[in-house]
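# Fold and contact review
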Amino acid sequence: MTAAAETSAWRFALVGTPNSGKTALFNALTGSRQKVANYPGVTVERKAGVFQTPSGHRVDLVDLPGTYSLRGRSPDEEITRDVVLGKLASETPDLLLCVADATNLRVALRLVIELKQVGRPMLLVLNMIDIARRRGIDIDLDKLSAELGVPVVTSIAVRRGGTEDLLRRMDEMAAGAAGQPVASTWKSPTVSDLRAAQREADRVIKAAVGQPSRPDTVTGRVDAVLLHPVAGLLILLLLLFIMFQAVFAWAKPLMDAIAGAFEWLGVLAHDALPEGLLQSFIQNGVLSGVGSVLVFLPQILILFLFILLLEDLGYMARAAFLMDRIMGGAGLHGRAFIPLLSSFACAIPGIMATRVIDNKRDRLTTILVAPLMTCSARIPVYTLIISAFIPDRPVLGFIGLQGLVMFGLYAAGIFSALAVSFVANRFFWRENTTPPFMLELPDYKLPRVRSVAIGLYTRAMMFLQRAGTTIFSMMVLIWFLASFPRPPEGATEPAIDFSLAATIGRWIEPVLAPVGFNWQISVALIPGMAAREVAVASLGTVYAIEGGKEAAEQIGQMLATKWSLATALALLVWYIFAPQCASTLAVIKRETGSWRWMFVTFAYMLVLAYIGAFITYNVAVALGAG
Ligand SMILES: Nc1nc2c(ncn2[C@@H]2O[C@H](COP(=O)(O)OP(=O)(O)OP(=O)(O)O)[C@@H](O)[C@H]2O)c(=O)[nH]1
Ligand SMILES: [Mg+2]
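Residues numbered from 1 in each chain as written. Chains lettered and ligands numbered in written order. Predicted model: local features only at pLDDT ≥ 70, side-chain atom pairs only at ≥ 80, totals over all residues. Heavy atoms only, no water.

### Thoughts on the coordination of the magnesium ion (ligand 2)
Worth spelling out the cut-off: Each metal site is built from N, O and S donor atoms within 2.8 Å (3.2 Å for Na, K and Ca), and since water is not included, such sites may look incomplete. Here a strand is any run of E in DSSP of at least two residues, a helix any run of H or I of at least four, and the numbering for each starts at the N terminus. Exposure is judged per residue with a 1.4 Å probe applied to protein chains only, and the accessible area is read against the type maximum: over 50% gives exposed, under 20% gives buried, and values in between give partly exposed.
Protein coordination at the magnesium ion (ligand 2): the donors are T23 (OG1) and T43 (OG1), at 2.0 Å from the metal. With T23 in helix 2 (residues 22–30) and T43 in the loop between helix 2 and strand 2 (47–52), this pair connects stretches of sequence that are 20 residues apart. A relative accessible area of 8% places T23 in the buried class.

Laid out in structure tokens, this is it:
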């Protein structure tokens, strides 16, 4: 592309109500893979992408968080407002693509009318027109366009070719639109402005939209069961339960296969390389270390398969609704549900997702407890210890004990998040005005194979990338610490006893001895700050070096011979609470804009971890598990 074309690129922005398909459109136009899901509040930051119109013009497209109005009440809505109003001077859009859910025009058109006040060129995109047509909603496009005074096109963001009309229309419109100033008369709408806009929207709908004679009742009937205060909660619990059983049962053969492959590679490296440092590095550092983490990919993907399916189906917003009473009792805002749920993947997107919460206090509480939710980086630690110490036998004849313990660990995370927020609200904030919870329940949609596949692929790549970068470099470090300095000639003690790792581990050990941790665990916790699963990899390496000849043995079997059950249980409990990840702390600092809350989180989690592990260890020892 020439420099001239570069400078004259058009800037378009996707705005619209939450869950109307903006990100799906963004992905379709730019070929990106941003997260799309069937609940409001998925996108919480600006995302930029590039594409070409049919006439070959370059467009810089920005995807924005969904919003019902330009009032900017929560941090995500402020982002949208600022971009639309051109407050970020270099990013003032030339054209607003206002994305409306064609099945839900009442709220969508109110926003359109509000956006018109801004005075920027605008194209109304009636997305999800496939669903609207199926339901028999009859929209007269010409009439709608005339009544609103805004050009209108339809689109189906998730279907190949579903954006053709939109692309063609962009070319026609954008040529004249570039570089127009924002109307200087814009002022923030008041509540009565919004009411007036709603009246106007209703008038337009009456004039241009024919509602179906027989309205859709499936959603209503399904929701009567799924949102039932008792039956609904039981179903939610059952779903979670099945999920954890599956994480263990289905993943087993795949995990065994991966573990077997790494073991085989280890033997291969052992035989192919001469005895010495290189052999030790490849076998103990790279293969034992990185391999011990990669084994967990199947479990992580199975967990995400469930989450992605439920998200696409439209169930997650219902789960939020069901949990609202329980969460409200603990002082958590209903809108905290999705951020906390996202934290099952990783606390970082979870903390980002709190941007949808408008009340500062509620948002802060959610940020503080999000790291207690069991993130996927804990899965390797949990699984490793569970498989090594908890017998694989059925309970009540059909429930796997290992899956049950995993479920218990997740439940402990959730319960402690509720407890911490209860305490914060009761004793620190002293505020018990839980605002009413409003969340639009999306229509149920059949999960799309393609979008679930992309979601899984994205997850897998993130995990592999972590394994290849953070985890790998930590492994090199640990291998180095565990291998140097070399023992003096003729030493009788194991070589590792002379290493830096042992020195550091023994230095920390006294602090952690009361909770049952030996020096190997103590030293593994430090690189674990970079990423939780590194602790597993570190243990793999340290014990592999220590074990010498038995190094090919799987790390789980090795632990079973080295730790007491009490130590294993204490480490599990430690991992429920411990602030074991530096990136999460950094995001807390960024999102709260203060060091203070970062330190508060670090301190309270560390205290909980220590007390929890201490109690567990000592109770277990007293019960004879030492
Ligand atoms: N059938 C159908 N589904 C669609 C269409 N566009 C989007 N979807 C689905 O609608 C849901 C919401 O899509 P998103 O792109 O995440 O919506 P969004 O507007 O970005 O939502 P927020 O980021 O929360 O504001 C997803 O489940 C999509 O798969 C469409 O044209 N037809
Ligand atoms: Mg989005």
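Having seen the structure, we can now continue with the description.
### Here's the deal with the packing of helix 17 (residues 360–369) against helix 26 (residues 582–592)
Applied cut-off: Only C-alpha atoms enter the line fits that serve as axes; for helices the fit covers just the stretch in contact. Angles between N-to-C directions range over 0 to 180 degrees. Angle categories: roughly parallel below 35 degrees, roughly antiparallel above 145, roughly perpendicular from 65 to 115, and oblique for all the rest. Working rule for contacts: check all heavy atoms of both residues, and any pair within 4.5 Å makes them a contact. Ten residue types, Ala, Val, Leu, Ile, Met, Phe, Trp, Tyr, Cys and Pro, are classed as nonpolar, four, Asp, Glu, Lys and Arg, as charged, and the remainder, Gly among them, as polar.
Packing of helix 17 against helix 26 leaves a shortest axis separation of 11 Å and a crossing angle of 175°. Classified by the angle their axes make, helix 17 and helix 26 are roughly antiparallel. Within the contact between the two elements, helix 17 uses R363, L364 and I367 and helix 26 uses I588, E591 and T592. When its residues are assigned to classes, the contact of helix 17 with helix 26 shows three nonpolar, one polar and two charged.

### Describing the domain arrangement of the protein
Operational definition: Throughout the structure description, domain borders are defined by an automatic or database domain assignment.
Domain assignment breaks the protein into domain 1 (3–210) and domain 2 (250–295 + 449–563). Centre-to-centre, using C-alpha coordinates, domain 1 lies 50 Å away from domain 2.

### Some details on the site of ligand 1
Selection rule: Nearness here has a simple test: a residue counts as near a molecule or strand if at least one of its heavy atoms is within 4 Å of that partner. Polar contact is the term for a pair of N or O atoms within 3.5 Å; when the atoms are in protein, one must be able to donate a hydrogen and the other to accept it, and sequence-neighboring residues count only if both atoms are side-chain atoms. Here the open area of atoms and residues is found with the Shrake-Rupley method and a 1.4 Å probe, where only the protein chains shown may cover a residue.
Around ligand 1, the structure places 24 residues, and the nearest of them are K22, T23, A24, V42 and T43. In the environment of ligand 1, an oxygen atom lies 2.8 Å from a nitrogen or oxygen atom belonging to the backbone of G41. Against a free-state accessible area of 660 Å², the protein chains account for coverage of 97% of ligand 1. Of the residues forming the shell around ligand 1, the biggest block, three residues, is contributed by helix 2. Of the residues in the shell around ligand 1, the class split is 12 nonpolar, nine polar and three charged.

### Considering the sheet that holds strand 5 (residues 122–127)
For the record, the criterion: Paired strands are those between which DSSP finds at least two bridges.
Reading across from one edge, 2-3-1-4-5-7 is the order of the six strands in this open sheet, with mixed pairing throughout. Since the sheet does not close on itself, it has two edges, and those belong to strand 2 and strand 7 (152–154), each with one partner. Here the average twist between neighbouring strands, direction ignored, is 25°. Across six bridges, the pairing between strand 2 and strand 3 (residues 58–63) is antiparallel. Residue pairing for strand 3: G49 is matched across the bridge by L61.

### What to know about the pattern of salt bridges
Rule in force here: Salt bridges are counted wherever a side-chain nitrogen of Lys or Arg sits within 4 Å of a carboxyl oxygen of Asp or Glu.
For the structure on display, the rule yields 20 salt bridges. The partner of D193 in a salt bridge is K187, with the nearest N and O atoms 4.0 Å apart. When its relative accessible area of 31% is taken as the criterion, D193 is described as partly exposed. Judged by relative accessible area, which is 58%, K187 ranks as exposed.

### A few points about the confidence of the model for the protein
Just so we agree on the cut-off: Think of pLDDT as the predictor's per-residue confidence, scored from 0 to 100.
The predicted model of the protein averages 87 in pLDDT, with 94% of residues at 70 or higher. Segment residues 1–6 is flagged for pLDDT under 50; beyond a separation of four residues in sequence, or across chains, it makes four contacts in the model.

### Some points on a nonpolar patch on the surface
Keep this limit in mind: Two distance rules govern patches: like charges are joined within 9 Å, and nonpolar side chains (Val, Leu, Ile, Met, Phe, Trp, Tyr) within 5 Å, applied only to residues with over 30% relative accessible area and no salt bridge.
Taken together, the side chains of V607, I611, F614, I615, V619 and L623 present a nonpolar region at the surface, about 570 Å² in accessible area. Tracing the sequence through the fold places V619 in helix 27 (residues 595–622). By relative accessible area, which is 44% here, V619 ends up partly exposed.

### Focus: helix 8 (residues 191–208)
Condition: Given a helix with a known number of residues, its expected span is that number minus one, times 1.5 Å. As used here, the arc belongs to the directions running from the helix axis to the C-beta atoms.
The end-to-end C-alpha distance of helix 8 is 26 Å, a good match for the 26 Å that 18 residues give at a rise of 1.5 Å each. Residues L194, A197, Q198, A201, V204, I205 and A208 constitute the buried set of helix 8. Buried residues of helix 8 fall within an arc of 125° about the axis and therefore sit on the same side. Facing away from the buried side of helix 8 by over 90 degrees, the exposed positions are R195, R199 and K206.

### Here we look at the environment of D60
Mapping D60 onto the fold places it in strand 3. Taking the C-alpha atoms as reference points, D60 and R11, 49 residues apart in sequence, are found 4.8 Å from one another. Among all residues touching D60, those that are not within four sequence positions of it are A9, W10, R11, F12, G49 and V50.

### Notes on the packing of aromatic side chains
For clarity, the cut-off: Two aromatic rings from Phe, Tyr or Trp, using only the six-membered ring of Trp, form a pair when their centres are within 6.5 Å; if the ring planes differ by under 30 degrees the pair is stacked, by over 60 it is edge-to-face, and anything between is tilted.
In this structure the tally under the stated criterion is 10 aromatic pairs. Residues F389 and W563 carry aromatic rings whose centres are separated by 6.2 Å and whose planes lie at 15° to one another, so their mutual orientation is stacked. Highlighted residues: F389 in helix 18 (residues 378–389) and W563 in the loop between helix 24 (555–562) and helix 25 (565–577), separated in sequence by 174 residues. By the burial criterion, F389 is buried, and W563 matches it. Ring centres 6.0 Å apart and planes at 85° place the aromatic pair W479 and F484 in the edge-to-face group. Taking relative accessible area as the criterion, W479 reaches 8% and is therefore assigned buried. Judged by its relative accessible area of 22%, F484 falls in the partly exposed class. Ring pairing ties together the aromatic residues F281, W479, F480 and F484, which thus form one cluster.

### Focus on the nonpolar core
Inclusion rule: For this analysis, a nonpolar core means a set of buried residues of the types Ala, Val, Leu, Ile, Met, Phe, Trp, Tyr and Cys, connected via side-chain atoms within 4.5 Å.
Counting residues in hydrophobic clusters, the biggest one holds 130 residues, and the most contacted among them are F517, W563 and W574. Here the element with the most residues in this core is helix 25; it accounts for 10 residues. A domain split of this core shows at least three residues from each of domain 1 (3–210) and domain 2 (250–295 + 449–563). In this view, F517 contacts E509, L512, S522, L525, T567, A570, L571 and W574; residues no more than four positions away in its chain are not counted. Formed by 40 residues, the second largest nonpolar core is a distinct cluster that contains A132, L144, A197 and A201.

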